[in-house]
Amino acid sequence: MADETNHNQAGEVAPNTADKQVPTTDSPEATDLPTANTPDPKAANPEDNPNAAKPAAVPPKREKPAAAAKAAVGEKPAADATEEKPAAAKAAKKEKAPSVEDKPFVQFIEQDYLPALQKAIAQKGVQDLQVSFAKQKVPITGFESAEECWQIIGSWSETGRRQFNLYFPEEDIQGKKGFSCNEGKKPSTLESFLIDERRITLDLLVFGLVQRLDGQKWLGIN
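Below: a short report on this structure. (Residues numbered from 1 in each chain as written. Predicted model: local features only at pLDDT ≥ 70, side-chain atom pairs only at ≥ 80, totals over all residues. Heavy atoms only, no water.)

Let's talk about the nonpolar core
The test is simple: Take the buried residues of types Ala, Val, Leu, Ile, Met, Phe, Trp, Tyr and Cys, join any two whose side-chain atoms come within 4.5 Å, and each joined set is a nonpolar core. When accessible area is computed with a 1.4 Å probe and restricted to protein chains, residues below 20% of their type maximum are described as buried, those above 50% as exposed, and intermediate ones as partly exposed. By definition, any uninterrupted DSSP run of H or I lasting at least four residues is a helix, any uninterrupted run of E lasting at least two residues is a strand, and each is numbered from the N terminus. Pairs of residues are marked as contacts when any of their non-hydrogen atoms sit within 4.5 Å.
Judged by nonpolar contacts, the single largest core of 30 residues is most densely connected at Ile109, Tyr113 and Phe164. Counting only elements with at least two residues in this core, the list comes to α4 (105-122), β2 (149-156), β3 (162-168), β4 (178-182) and α5 (202-215). The element contributing the most residues to this core is α4, with eight residues. Ignoring any residue separated from it by four or fewer positions in sequence, one finds Tyr113 in contact with Phe108, Ile152, Leu166, Leu202, Leu205, Val206 and Leu209.

Quick look at unusual backbone geometry
The backbone phi angle of Glu171 is positive, close to 50 degrees, even though this residue is not glycine. Mapped onto the secondary structure, Glu171 falls in the loop between β3 and β4. The phi angle at Lys217 is positive, at roughly 65 degrees, despite the residue not being glycine. Its place among the elements puts Lys217 in the segment after α5.

Considering the pairing of β4
Convention followed: DSSP calls a pair of strands paired once it identifies at least 2 bridges connecting them.
Counting buried residues in β4 gives five out of five residues, a clear majority hidden from the surface. Side-chain alternation along β4 places Gly178, Ser180 and Asn182 on one buried face and Phe179 and Cys181 on a second face that is also buried. Bridge count for β3 against β4 is five bridges, and the pairing is antiparallel. Note that in β4 the partner of Gln163 across the bridge is Asn182. Two strands pair when backbone bridges link them, and β4 and strand β5 (residues 191-192) are joined in this way by two bridges, in the antiparallel orientation. Residue pairing in the sheet places Gly178 in a bridge with Ser192 of β5.

Some points on α4
Defined as follows: Given the number of residues in a helix, its expected span is that number minus one, multiplied by 1.5 Å. The reported bend at a residue is simply the angle between two axes, fitted to the 7 residues ending at it and to the 7 residues beginning with it.
Under the 1.5 Å per step criterion, the end-to-end length of α4 is 24 Å for 18 residues, consistent within 8% with the ideal 26 Å. Within α4, the axis deviates most sharply at Tyr113, by approximately 40 degrees, and proline Pro115 lies no more than four positions further along. Along α4, the positions that sit buried rather than exposed are Phe105, Phe108, Ile109, Asp112, Tyr113, Leu114, Leu117, Ala120 and Ile121. For α4, the elements touching its buried residues are β1 (130-136), β2, β3 and α5.

So, α5
Turn by turn, an α-helix covers 3.6 residues, leaving residues three or four places apart pointing in a common direction. For α5, with 14 residues, the first-to-last C-alpha span of 20 Å sits near the 20 Å given by 1.5 Å per residue. When α5 is considered as a whole, its buried residues turn out to be Leu202, Leu205, Val206, Gly208, Leu209, Val210 and Leu213. Among the structural elements, α4, β2, β3 and β4 are those in contact with the buried residues of α5. With its phi angle positive at about 65 degrees, Lys217 sits one or two positions after the end of α5.

Describing the sheet that holds β1
Here we have five strands laid out as an open sheet, ordered β1-β2-β3-β4-β5, and antiparallel in their pairing. Edge positions in the open sheet fall to β1 and β5, since each of these has one partner strand only.

So, the pairing of β2
Taken across its eight residues, β2 has eight buried, putting it largely inside the fold. The alternating pattern of β2 places Cys149, Gln151, Ile153 and Ser155 and Trp150, Ile152, Gly154 and Trp156 on opposite faces, both of which are buried. Both β1 and β2 contribute to a ladder of seven bridges, which runs antiparallel. Paired with Ser132 across the bridge in β2 is Ile153. In this structure, β2 lies alongside β3, joined through seven bridges in antiparallel fashion. Bridged to Ile152 within β3 is Leu166.

In structure tokens form, the structure reads like this:
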């Protein structure tokens, strides 16, 4: 009787234990393994398999409206403002106004040098200065056969007849220059004038002649 009871209990317990250990197959369960009918979405060609994973689309690069419009018509973008500044500075240097010394020789003497010279000598006390500008022979013995050259002739008679000549044989203020002076007689000596200066300017040309006349003791209280 006891054996039969044990046999029935064992027969009843076995199915219950098997139900708990063996999973049922009534509902399908998804796995990572590909089946025979469905290719792997990651390995399949997207053109052959519509279920294949597709790469994420890259958004197109956006251009600035102005740059895109100029590129469409074949125009180059405008240069950076920082690149235009050096070019403008160079242009300003090239457009620098020429100095009075760059004028033609005769124009410089008549328009700039003679007025400045008369003013400077008048400030030294000379009241009756007469100045002329002419092309003529050098009035010194031994130069009679020489060609005519441009000369500035100045004279006054406040304390006797005084005359000076400034010579420009090359018709160029940067070229050779000569000087002579006399008191009522023909000059006897032709001397060089401002030969040590590299570049002659209007102010230097005025100062040099005034200084030479002052050294002759013809100006001021002399």
